[in-house]
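# Geometric and topological summary
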Amino acid sequence: MDRDILEQARSLLKDVTPMYRDCGRICGALCCQPDEAGKGGVFLFPGEETLVKGGWASVSRVENGPGPGLMLTCAGECEREKRPLGCMIFPLTPEVDGEGRVTMRFDARARPLCPLLRNGLMGLRRDFREAARQAMQLIASDPEGLAFLREWEAIERQYDFHL
Ligand code: SF4
Ligand code: SF4
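Let me sum up the structure you'll find in this document. (Residues numbered from 1 in each chain as written. Chains lettered and ligands numbered in written order. Predicted model: local features only at pLDDT ≥ 70, side-chain atom pairs only at ≥ 80, totals over all residues. Heavy atoms only, no water.)

### Examining the nonpolar core
Across soluble globular proteins, nonpolar side chains have a tendency to be buried as a group. Membership of the largest hydrophobic core comes to 32 residues, with the highest contact counts inside it found for Leu13, Phe45, Leu85, Met136, Ile139 and Leu149. Among the secondary structure elements, those contributing two or more residues to this core are α1 (3-12), α3 (85-89), β4 (92-96), β5 (102-106), α4 (126-140) and α5 (143-157). With seven residues, the single largest contributor to this core is α4. Excluding its chain neighbours within four sequence positions, the residues that come into contact with Leu149 are Phe45, Pro94, Val96, Met136, Ile139 and Ala140. (Core = buried A, V, L, I, M, F, W, Y, C linked by side-chain atoms within 4.5 Å. Buried < 20%, exposed > 50% of the residue type's maximum accessible area, 1.4 Å probe, protein only. Helix = DSSP H or I, 4+ residues; strand = E, 2+ residues; numbered from the N terminus. Contact = heavy atoms within 4.5 Å.)

Here you go:
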């Protein structure tokens with residue numbers, strides 16, 4: 001996808017986080033830890049594979065992943081400027097309507113681990129919610145980015161359930 005769009009989207013989120021304090025201190029950074037099976041990782045947006053220069057994390061190709069199907073696996077620590085977009089928007093996820101308009105909601109994958117869900121969307125920083133939406137709207141303005149977001153959403157919905 002267009003490199004400038006990717007960089008602009010990343011830049012919108014470079015200084016803003018879900019809470020004013022480091023939310024990783026509340027939960028022990030659960031979203032950065034592997035599961036009981038030692039598995040975990042985050043899908044990379046198209047073009048983000050260049051973030052892993054320096055070897056601080058590894059990238060593998062995953063069958064049925066969104067877009068290029070690249071997953072980053074890290075050791076549970078990273079520098080903010082190298083953090084993948086998928087980590088920067090968590091615990092939110094984009095939902096794209098038929099016209100390509102993006103709204104943000106909680107990611108179903110955050111339910112079992114993220115304490116921020118307790119206070120609902122309004123419990124998150126307003127500027128974080130807005131920056132995440134704007135970043136995803138920018139990604140959706142690129143045809144490859146839009147296709148990626150639709151595939152991302154389809155995968156995320158597999159974790160959604162209703163009783
Ligand atoms: S699980 Fe939620 S509270 Fe914990 S570090 Fe991740 S986003 Fe923050
Ligand atoms: S890249 Fe950074 S934010 Fe993302 S899971 Fe790894 S340590 Fe956490």
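Back to the text.
### Some points on the pairing of strand β3 (residues 70-73)
Judged from the two bridges that link them, strand β1 (residues 42-43) and β3 form a sheet pairing that is antiparallel. What sits directly across from Phe43, in β3, is Met71. Two strands pair when backbone bridges link them, and strand β2 (residues 58-61) and β3 are joined in this way by four bridges, in the antiparallel orientation. Bridged to Arg61 within β3 is Leu70. (Pairing = 2+ DSSP bridges.)

### Focus on unusual backbone geometry
For the bond running from Phe90 to Pro91, omega is 15°, close enough to zero to count as cis. Looking at where Pro91 falls in the secondary structure, it is placed in the loop between α3 and β4. Phi at Ala29 is positive, roughly 50°, even though this residue is not glycine. Within the fold, Ala29 resides in the loop between α2 (24-27) and β1.

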